[in-house]
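Descriptive analysis of the structure
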Amino acid sequence: MSTESQLREKLRKIEALLTTGERLAAEAALERVRARLTELGHKDSPVEMQFSMPDQWSRHLFLALCRRYGLSPYRLHRQRRNTVMVRAPRGFVDQVLWPEFVELDRALQAYLREVTLRVIRDEVFADASEAQEVPEALPPN
């Protein structure tokens, strides 16, 4: 099984979408989460929250998760591209959105790291290890 296939499989497991029955259960769970979001919105009014994503892949993932739950992510004029703003109940973000993002982002980052190192080793040079650490500056040649 290729690395990409392994990542896709892991993401499917995380999302609980392996079979049709599980897909239906996951869709029902998503509807329950959306209903919970609405309920929390009535109890816990939405607040504007700012998130800074370390890279474009994490940002794309976070944006997709927000949209999946019916949230509308945005950026204020002149904010950096890595900044994402969301209006949502804090409880929903703390209990659902952020934990799911962290878990999926961890899997995505591991996959991207593995693929990048494999391409470097295969196409540039086999030794893609970190630079050697030396106790002080080397003397000039």
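It should be emphasised that the depicted structure is a prediction, and the values quoted were computed from it without experimental measurement. (Residues numbered from 1 in each chain as written. Predicted model: local features only at pLDDT ≥ 70, side-chain atom pairs only at ≥ 80, totals over all residues. Heavy atoms only, no water.)

With that settled, the discussion passes to the pattern of salt bridges. One pass over the structure, following the stated rule, counts 1 salt bridge. Note that Arg68 and Glu100 form a salt bridge whose closest N and O atoms lie 2.8 Å from each other. Taken together, the positions of Arg68 in helix 3 (residues 56-68) and Glu100 in helix 4 (residues 90-123) put the pair 32 residues apart, joining distant regions of the chain. Arg68 gets classed as partly exposed once you look at its relative accessible area, which sits at 26%. (Salt bridge = Lys/Arg side-chain N within 4 Å of Asp/Glu carboxyl O. Helix = DSSP H or I, 4+ residues; strand = E, 2+ residues; numbered from the N terminus. Buried < 20%, exposed > 50% of the residue type's maximum accessible area, 1.4 Å probe, protein only.)

Outside of glycine, negative phi angles account for most residues, and trans bonds account for most peptide bonds. Backbone geometry at Arg78 places phi at a positive 75°, although glycine is not the residue there. With respect to the helices, strands and loops of the structure, Arg78 is situated in the loop between helix 3 and strand 2 (83-88). You can call Arg78 exposed: its relative accessible area is 77%.

The next subject is the packing of aromatic side chains. Enumeration according to the criterion identifies 6 aromatic pairs in this entry. Aromatic pair Phe51 and Trp98: ring centres 5.5 Å apart, planes at 20°, arrangement stacked. One end of the pair, Phe51, is in strand 1 (residues 47-52); the other, Trp98, is in helix 4, and 47 residues separate them in sequence. Ring plane angle 70° and centroid distance 6.0 Å describe the contact between Phe62 and Trp98, whose orientation is recorded as edge-to-face. With Phe62 in helix 3 and Trp98 in helix 4, this pair connects stretches of sequence that are 36 residues apart. Its relative accessible area of 0% is what places Phe62 among the buried residues. Its relative accessible area of 33% is what places Trp98 among the partly exposed residues. An aromatic cluster is present here, built from Phe51, Phe62, Trp98 and Phe101 joined pairwise through their rings. (Phe/Tyr/Trp six-rings, centres within 6.5 Å; stacked < 30°, edge-to-face > 60°.)

On to the packing of helix 3 against helix 4, then. If you want to describe how two helices pack, look at the angle between their axes and the distance between the axes. Direction vectors running N to C along helix 3 and helix 4 enclose 145°, while the axes themselves pass 10 Å from each other. Of the two possible hands of crossing, helix 3 and helix 4 adopt the one that is right-handed. Contact residues: helix 3 offers Trp57, Ser58, Leu61, Phe62, Leu65, Cys66 and Arg68, while helix 4 offers Leu97, Trp98, Glu100, Phe101, Leu104, Asp105, Leu108, Gln109 and Leu112. A class-by-class count of the residues in the contact of helix 3 with helix 4 yields 11 nonpolar, 2 polar and 3 charged. (Axes fitted to C-alpha atoms, helices over the stretch in contact; angles between N-to-C directions. Left-handed = near helix turned anticlockwise from the far one by under 90°. Contact = heavy atoms within 4.5 Å. Nonpolar A, V, L, I, M, F, W, Y, C, P; charged D, E, K, R; others polar.)

Moving on to the pairing of strand 2. The element strand 2 is extensively covered by neighbouring structure, given that 5 of its 6 residues are classed as buried. Sheet analysis places strand 1 next to strand 2, joined by 6 bridges and oriented antiparallel. The partner of Ser52 across the bridge, within strand 2, is Thr83. (Pairing = 2+ DSSP bridges.)

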